[in-house]
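Residues per chain are reported as follows:
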Amino acid sequence: MEEPVAQQREQTADDAMLTRIGQAVMLAHAGDREEARGRFLALWAEIGEDGDPLHRCTLAHYLADTQDDPADELAWDLRALTAADGLTQERLAAHEGSLALRALYPSLHLNLAADYVKLGRPGAARDHLARAWSAVDTLGDDGYGDGVRAALTRLERRVAGLPGE
């Protein structure tokens, strides 16, 4: 009888953290980047560098979008990728409505490619675009998958016009 109670507590804590991340995401989407960034950073301090990989990946992914400096954005996107590499399919499955682990990678590599474009590093951008395209078959035929594929196509066209490194 103890195991289900312990699992329920863990799920409740998981949902609470993801809810708090989601609340900060809503602030960012509403245009209050400063407040969102502050909340994200407080959550990052709470989670820690060795915290739950799902929480770190989600948080770093959104925290990157609130950065003003492209180098800081890249650092957070790299943290998101590192956290994703530490995730297991079982951990994702424990979160209701989760994606397949492999489906995270096209978006993560898309973000990294965009970061490298902003930093004037088209070679690194091309590398991450190739990684994103190699994982794109994991995406569904839905709004999310279509959006990622469209963004990859737009960024690829932009990068094609840039000189090599």
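See the structure printed just above.
Report on the accompanying structure. On a predicted model such as this, the values are computed, not experimentally measured, just so you know.

Analysis parameters
Residues numbered from 1 in each chain as written. Predicted model: local features only at pLDDT ≥ 70, side-chain atom pairs only at ≥ 80, totals over all residues. Heavy atoms only, no water. Core = buried A, V, L, I, M, F, W, Y, C linked by side-chain atoms within 4.5 Å. Buried < 20%, exposed > 50% of the residue type's maximum accessible area, 1.4 Å probe, protein only. Helix = DSSP H or I, 4+ residues; strand = E, 2+ residues; numbered from the N terminus. Contact = heavy atoms within 4.5 Å. Expected span 1.5 Å × (residues − 1). Arc of directions from axis to C-beta. Phe/Tyr/Trp six-rings, centres within 6.5 Å; stacked < 30°, edge-to-face > 60°. Lys NZ or Arg CZ within 6 Å of the ring centre and 35° of its normal. Salt bridge = Lys/Arg side-chain N within 4 Å of Asp/Glu carboxyl O.

1. What about the nonpolar core?
Taken as a class, soluble globular proteins show a tendency for nonpolar side chains to be buried jointly.
Phase 1 of the analysis: Counting residues in hydrophobic clusters, the biggest one holds 45 residues, and the most contacted among them are Ile21, Phe40, Leu59, Leu108, Leu152 and Leu155.
Phase 2 of the analysis: Those elements that provide at least two residues to this core are α1 (2-29), α2 (33-47), α3 (53-64), α4 (70-85), α6 (104-118), α7 (122-135) and α8 (143-160).
Phase 3 of the analysis: Among the elements that line this core, the one with the most residues is α6, at eight residues.
Phase 4 of the analysis: When residues no more than four places from it in sequence are discounted, the contact partners of Leu108 are Cys57, His61, Ala80, Leu81 and Ala84.

2. Section: α8
Phase 1 of the analysis: Counted at 1.5 Å a residue, the expected span for α8 with its 18 residues is 26 Å, and the 26 Å between its end C-alpha atoms agrees.
Phase 2 of the analysis: Looking only at α8, the buried set comprises Gly145, Val148, Arg149, Ala151, Leu152, Leu155 and Val159. Down the axis of α8, the buried side of the element spans an arc of 165°, and every buried residue falls inside it. In α8, the exposed positions that point more than 90 degrees away from the buried face belong to Gly143, Arg154, Arg157 and Arg158.
Phase 3 of the analysis: Where α8 is buried, its residues meet α6 and α7.

3. Some thoughts on the packing of aromatic side chains
Phase 1 of the analysis: Scanning all chains against the criterion turns up one aromatic pair.
Phase 2 of the analysis: For the ring pair Trp44 and Trp76, a centre distance of 5.0 Å and an interplane angle of 85° mean the geometry is edge-to-face. Here Trp44 is found in helix α2, whereas its partner Trp76 is found in helix α4, with 32 residues between them in sequence. When sorted by exposure, Trp44 lands in the same class as Trp76, which is buried.
Phase 3 of the analysis: For the cation-ring pair, Arg79 lies above Trp76, with the distance from its terminal atom to the ring centre recorded as 4.1 Å.

4. So, the pattern of salt bridges
Phase 1 of the analysis: On inspection of all chains with the given rule, the structure shows nine salt bridges.
Phase 2 of the analysis: For Glu73, the salt bridge identified is with Lys118, shortest N-O distance 2.8 Å. Residue Glu73 is found in helix α4, and its partner Lys118 is found in helix α6; the two are separated by 45 residues along the sequence.
Phase 3 of the analysis: Residues Asp141 and Arg149 are paired through a salt bridge, measuring 3.5 Å at the closest nitrogen-oxygen approach.
Phase 4 of the analysis: Connected via shared salt-bridge partners are Arg33, Glu34, Arg37 and Asp68.

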